[in-house]
Amino acid sequence: MQLDFSPAFARYEAIAAEADAAFAKVASLCPDMVSCGEGCSDCCHALFDLTFIEALYLNRKFNEAFPPGPARDAVLERANAADRDAAKLKRKAFRADEQGVSTREILESIARERIRCPLLGDDDRCILYKSRPLTCRLYGVPLEISGEARTCGAAGFTPGGRYPTVKIEKLQDKLVALSQELVASIPTKLPLMAEMLVPVSFALVTDFDDEFLGLLTEEEMVKLHEQETKWAAASDPFAPAPGGSACGSCGEQAGSPACSSCTGGTSWVLPGPDGESGGKAE
């Protein structure tokens, strides 16, 4: 099934533009402290995950820029290696959690690990720079994460100093919301797919085809529509019962006490004077 993700991608690019604007604002206020520049690849060794919309977008841009061939194969080989390293690191973090190590210590330990991004070329430049994720766009300026300010170790920001800080989690919330809207708009049996968080390597090697997206077949969509119609009829008090007459054929006013207890035929049970059920009226 050919799905058109362009409207969602346009909204994603608008959020990415917000991130670029936030970075530029901080850089203009603290020009001597932001050390980002060509050839600096410190952020390209950090471990982080992508939201569903980011993974889908990066995958599309990668496929457009790298058709089948040696260059693409080289990137995918690096992605597979990075995926294996990330899996080992996550297993290590899981074991630490089981041993009672605090979440803060685990996260700080992960932050010290360096896994080379598969999109980092031999010249230490990103091969998909214009399509890079939000985390990459904001790395290098102070970021508020879980109520604490963090920044690149190569930057000139002094610990304890007061600097303009980007609330990256607000932008991440927008990405999650966009992911949820996108998944809700497609005929999928995997609605929780919107909550997925994956590394860059996974986004590159994955084929986001109909099977991965859990898209319903035409036959499944017809059955689902039939089931939804049955559910709607079951919840409608004025809907005719199976095999019964259409509403209004008995001559009663729709919504009247007689109508609300009708079973779809011409007989119903009338309540007695004390509220108990009385006899049947024909």
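Just so we're clear, the structure is a prediction, and the values are computed from it rather than from any experiment.

Novice: What should I look at first to understand unusual backbone geometry in this one?
Specialist: Most peptide bonds take the trans configuration, and most residues that are not glycine carry a negative phi. Notably, Asp 124 is not glycine yet its phi reads approximately 60°, a positive angle. Position of Asp 124 relative to the elements: it lies in the loop between α4 (103-112) and α5 (134-138). Positive phi is not limited to glycine here, since Ser 146 has a value of about 55°. When you line up the elements, Ser 146 lands in the loop between β2 (143-145) and β3 (148-150). Accessibility expressed as a relative area gives 61% for Ser 146, which makes it exposed.

Novice: So what exactly am I meant to see when it comes to the packing of aromatic side chains here?
Specialist: Both the distance between ring centres and the angle between the ring planes are used here to describe each pair of aromatic rings. Counted under the stated rule, the structure contains 7 aromatic pairs. When the centroid spacing of 5.3 Å and the interplanar angle of 80° are considered together, the rings of Phe 9 and Tyr 57 count as edge-to-face. Pair noted here: Phe 9 is in helix α1 (residues 6-29) and Tyr 57 is in helix α2 (residues 52-65), with a separation of 48 residues, a long-range link. Classification of Phe 9 as buried rests on a relative accessible area of 7%. For Tyr 57, a relative accessible area of 6% puts it in the buried group. Ring centres of Phe 202 and Phe 212 lie 6.3 Å apart, and the angle between their planes is 50°; this geometry places the pair in the tilted category. Taken as a pair, Phe 202 in helix α7 (residues 200-205) and Phe 212 in helix α8 (residues 210-213) lie far apart in primary sequence, 10 residues in all. Accessibility expressed as a relative area gives 24% for Phe 202, which makes it partly exposed.

Novice: Where do I start with α1 in this structure?
Specialist: Working note: α-helix, 3.6 residues per turn, so residues spaced by three or four point in the same direction. Between its terminal C-alpha atoms α1 stretches 35 Å, which fits the 34 Å expected from 24 residues at 1.5 Å a residue. The complete set of buried residues in α1 reads Ala 8, Phe 9, Tyr 12, Ile 15, Ala 16, Ala 19, Phe 23, Val 26 and Ala 27. Against α2, α5 and α6 (168-184) lie the buried residues of α1.

Novice: Hey, could you run me through the environment of Leu 171 in this one?
Specialist: You can see Leu 171 is positioned in helix α6. For Leu 171, a relative accessible area of 8% gives the class buried. Each C-alpha atom, one on Leu 171 and one on Ile 15, is 7.1 Å from the other, the two residues being 156 residues apart in sequence. Once residues within four sequence positions are removed from consideration, Leu 171 is found in contact with Ile 15, Glu 18, Ala 19, Leu 134 and Leu 138.

Novice: I'm lost on the packing of α1 against α2 in this one. Help?
Specialist: A pair of packed helices is characterised by two quantities: the angle between their axes and the separation of those axes. Where α1 meets α2, the axes come as close as 11 Å, and the angle between the chain directions of the two elements is 105°. Considering their axes alone, α1 and α2 lie roughly perpendicular with respect to each other. Where α1 approaches α2, its residues Ala 8, Phe 9, Tyr 12 and Glu 13 are matched on the opposing element by Ile 53, Glu 54, Leu 56, Tyr 57, Arg 60 and Lys 61. For the contact of α1 with α2, the per-class residue count stands at 6 nonpolar, no polar and 4 charged.

Rules used throughout
- Residues numbered from 1 in each chain as written.
- Predicted model: local features only at pLDDT ≥ 70, side-chain atom pairs only at ≥ 80, totals over all residues.
- Heavy atoms only, no water.
- Helix = DSSP H or I, 4+ residues; strand = E, 2+ residues; numbered from the N terminus.
- Buried < 20%, exposed > 50% of the residue type's maximum accessible area, 1.4 Å probe, protein only.
- Phe/Tyr/Trp six-rings, centres within 6.5 Å; stacked < 30°, edge-to-face > 60°.
- Expected span 1.5 Å × (residues − 1).
- Contact = heavy atoms within 4.5 Å.
- Axes fitted to C-alpha atoms, helices over the stretch in contact; angles between N-to-C directions.
- Parallel < 35°, antiparallel > 145°, perpendicular 65-115°, else oblique.
- Nonpolar A, V, L, I, M, F, W, Y, C, P; charged D, E, K, R; others polar.

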